[in-house]
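Structural characterization, general
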Amino acid sequence: MNDESRSSRPGRRRGPVGRRASRQRAVELLYEAALRGADPVTLLSERVGSTAVDPISDYTIKLVEGVGENRERIDEVLAEHAQGWSLERMPPVDLAVLRVGLYELLWLDDVPDPVAIDEAVGIAKQLSTDDSPRFVNGVLGRIGTIADRLRTVL
């Protein structure tokens, strides 16, 4: 197979990685770090520039570093609004999705609130259980109703 036909195969992507793929990669890195008991920013730094893994987009880096820097506050907000669920009881994938979604919702001005919530729900549909999208939507939706107030105290 020559280079031209190889680059046109389905699944091969050239050019910049989209935000949804970057979000999903951030969730995967946060999930992996949680399972290993590792710091997600340290895990990220080991992967950036490595030829052993696919390149990591700038947006994935921004998300993982942002969640890492604000994790204590993110977890406080999630614990407060995850009615009946402690963080320890949440499936690790759902917790990673919620952390990325909440970081986008409260800390990133260029992501509209509905987009942050919809993207988190979409990733939960892809990566977690059948009940996870509804759970993620419920938690982030509750937080979304008071997001402007929360942003003023962050």
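Structural data are supplied above this passage.
Structure report, in brief. (Residues numbered from 1 in each chain as written. Predicted model: local features only at pLDDT ≥ 70, side-chain atom pairs only at ≥ 80, totals over all residues. Heavy atoms only, no water.)

1. Side note on the overall build of the protein chain
For the protein chain, the count of helices and strands is 8 helices and 0 strands. When burial is assessed residue by residue, the protein chain has 43% of its 154 residues classed as buried. For the protein chain, restricting intrachain contacts to residue pairs at least 6 apart in sequence, the fraction spanning at least 24 positions comes to 69%. Summed over its atoms, the accessible surface of the protein chain is roughly 8,800 Å², and 48% of this surface lies on carbon and sulfur atoms. (Helix = DSSP H or I, 4+ residues; strand = E, 2+ residues; numbered from the N terminus. Buried < 20%, exposed > 50% of the residue type's maximum accessible area, 1.4 Å probe, protein only. Contact = heavy atoms within 4.5 Å. Areas by Shrake-Rupley, 256 points an atom, 1.4 Å probe, with all protein chains shown as cover.)

2. So, the pattern of salt bridges
With the rule as written, the count across this model stands at 12 salt bridges. By sharing partners, the salt bridges in this structure join Arg20, Arg23, Glu104 and Glu119 into a single network. (Salt bridge = Lys/Arg side-chain N within 4 Å of Asp/Glu carboxyl O.)

3. Digging into the packing of aromatic side chains
One pass over the full model with this rule turns up 2 aromatic pairs. For the ring pair Tyr103 and Trp107, a centre distance of 5.9 Å and an interplane angle of 15° mean the geometry is stacked. In this pair, Tyr103 and Trp107 are both assigned in helix α5 (residues 92-107), 4 residues apart and thus about one turn of the helix distant. Sitting over the face of the ring of Tyr59, Arg19 holds its NZ or CZ atom 4.0 Å from the ring centroid. Of note, Arg89 hangs over the ring of Trp85, and the distance from its end group to the ring centre comes to 4.0 Å. (Phe/Tyr/Trp six-rings, centres within 6.5 Å; stacked < 30°, edge-to-face > 60°. Lys NZ or Arg CZ within 6 Å of the ring centre and 35° of its normal.)

In short, geometric facts, not functional conclusions.
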